[in-house]
Amino acid sequence: MDGEQSGRTQPSTLPADHFRKKSSARVWDYWLGGTDNYLVDRAAGDEFTRLYPDIIDTAQHCRQFLTRVVTYLASEAGVRQFLDIGTGLPGPPGIRHTHEVAQSVAPTSKIVYVDNDPLVLLYASAWLANTTPQGSTDYLHADVRDPDQLVTGAHATLDFSAPIAVILQGILGHAASTFEQMYTITRALLDAVPSGSYLILSDGADTGHPGFREACRRHQYHLRRLDEFRACLIGLKVIEPGLVPVDQWRPPPIQTAARTPLRSVVAVARKP
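Residues numbered from 1 in each chain as written. Predicted model: local features only at pLDDT ≥ 70, side-chain atom pairs only at ≥ 80, totals over all residues. Heavy atoms only, no water.

### Observations regarding the overall build of the protein
Reasoning step 1: A tally of helices and strands in the protein yields 10 helices and eight strands.
Reasoning step 2: Counting contacts in the protein only where the partners sit at least 6 residues apart, residues at least 24 apart contribute 75% of the total.
Reasoning step 3: On the protein, roughly 11700 Å² of surface is accessible, and the fraction owed to carbon and sulfur atoms is 53%. (Helix = DSSP H or I, 4+ residues; strand = E, 2+ residues; numbered from the N terminus. Contact = heavy atoms within 4.5 Å. Areas by Shrake-Rupley, 256 points an atom, 1.4 Å probe, with all protein chains shown as cover.)

### Side note on the packing of aromatic side chains
Reasoning step 1: Here the structure, examined in full by the defined rule, presents seven aromatic pairs.
Reasoning step 2: Look at Trp 31 and Phe 48: their rings are 5.1 Å apart centre to centre, the planes differ by 65°, and that puts the pair in the edge-to-face class. Highlighted residues: Trp 31 in helix α1 (residues 24-31) and Phe 48 in helix α2 (residues 39-51), separated in sequence by 17 residues.
Reasoning step 3: Taking the centre distance of 6.3 Å and the plane angle of 70° together, the rings of Phe 48 and Phe 212 count as edge-to-face. Of this pair, Phe 48 sits in helix α2 while Phe 212 sits in helix α9 (residues 210-218), and the two are 164 residues apart along the sequence.
Reasoning step 4: Overall, the relative accessible area of 4% leaves Phe 48 in the buried class.
Reasoning step 5: An aromatic cluster is built from Trp 28, Trp 31, Phe 48, Tyr 52 and Phe 212, whose rings are joined through pairwise contacts. (Phe/Tyr/Trp six-rings, centres within 6.5 Å; stacked < 30°, edge-to-face > 60°. Buried < 20%, exposed > 50% of the residue type's maximum accessible area, 1.4 Å probe, protein only.)

### Quick look at unusual backbone geometry
Reasoning step 1: The step from Glu 240 to Pro 241 runs through a cis peptide bond, and the omega angle for that step is 15°.
Reasoning step 2: Considering the arrangement of structural elements, one finds Pro 241 in the loop between β6 (237-238) and β7 (244-245).
Reasoning step 3: For Gln 220, which is not a glycine, the phi torsion comes out positive at approximately 55°.
Reasoning step 4: By the element assignment, Gln 220 lies in the loop between α9 and α10 (226-232).

### Notes on the pairing of strand β3 (residues 136-141)
Reasoning step 1: Taking burial as the measure, the six residues of β3 include five buried ones, the bulk of the element.
Reasoning step 2: For strand β2 (residues 110-115) and β3, the ladder comprises six bridges, and the chain directions are parallel. Within β3, the residue paired with Val 112 across the bridge is Asp 138. (Pairing = 2+ DSSP bridges.)

### A few points about the pattern of salt bridges
Reasoning step 1: Applying the stated criterion across every chain yields a total of 10 salt bridges.
Reasoning step 2: One network of salt bridges, in which partners are shared, links Glu 47, Glu 214, Arg 217 and Arg 218. (Salt bridge = Lys/Arg side-chain N within 4 Å of Asp/Glu carboxyl O.)

### Focus on the environment of Gln 81
Reasoning step 1: Structurally, the position occupied by Gln 81 is in strand β1 (residues 81-85).
Reasoning step 2: Judged by relative accessible area, which is 5%, Gln 81 ranks as buried.
Reasoning step 3: In contact with Gln 81, other than residues within four places in its own chain, are Lys 110, Leu 158, Asp 159, Ala 162, Pro 163, Ile 164 and Ala 165.
Reasoning step 4: One polar contact links the side chain of Gln 81 to the main-chain amide nitrogen of Asp 159, over a distance of 2.6 Å.
Reasoning step 5: A polar atom in the side chain of Gln 81 sits 3.2 Å from the backbone oxygen of Pro 163. (Polar contact = N/O pair within 3.5 Å; in protein donor to acceptor, adjacent residues only side chain to side chain.)

### Focus on the packing of helix α3 (residues 55-75) against helix α4 (residues 98-105)
Reasoning step 1: Two numbers describe how α3 lies on α4: the axes approach to 9 Å, and their chain directions differ by 35°. In this structure, α3 crosses over α4, and the sense of that crossing is right-handed. Here α3 contributes Leu 66, Thr 67, Val 70, Thr 71, Ala 74 and Ser 75 to the contact with α4, which in turn contributes Thr 98, Val 101, Ala 102 and Val 105.
Reasoning step 2: Here the residues of the contact of α3 with α4 are counted per class, giving six nonpolar, four polar and no charged. (Axes fitted to C-alpha atoms, helices over the stretch in contact; angles between N-to-C directions. Left-handed = near helix turned anticlockwise from the far one by under 90°. Nonpolar A, V, L, I, M, F, W, Y, C, P; charged D, E, K, R; others polar.)

Function cannot be inferred from these measures alone, as they are strictly geometric.
Here it is, written out as structure tokens:
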């Protein structure tokens, strides 16, 4: 639906136990300084931070990376379609979302957001309301662990005969408990999009930091080795600077460097 949101998948109510269970989207919102989180989320976020204080820095740099990579894709790469999986919550004022960045460069850009958190979708109609008249912004209540269903839903907005940027930022650590699951998900999504499409892969890496490992274990977040990230990129043209810590992917000259090496890595790759 050009110039508007379909809203066809928006739930009208939240599950009864929603406020008693932590949500990765709400914990992330807490780390970013947002207000869409509850006591259970703040407790989980604080426990993680005690074990790995740099998670706050990581959260900020991940949002900055998203802005940079979408700008690159919409400008230099000429991409006009984005499939952003694991959307998350709006966050505090000042955070720019995929559709805002892409459509500021190319107003005709089409974006589909995907998440399976009911709270995310309750917010979607409000914070996606500023889509451009020339473009499209839609959202799906779907799970990345069922990529076929996800792709079927995205067909309502995106043209799968033209290049699509598939954004997987911080989602596979939650959705894939093994490398085999991670690989299966990424390959299914890549198989669904045409030549000239892009994969944006961003997740926590197991680089040997004991505090980060333990924090992720308690948070039920599954880390992957660097060689496993590289295996997901086989057959793709990896864009420079390659697989790097999140703050090192084409940083602007004025960006403040991370205090310590960050454990979240990113890669941007083109499907031949």
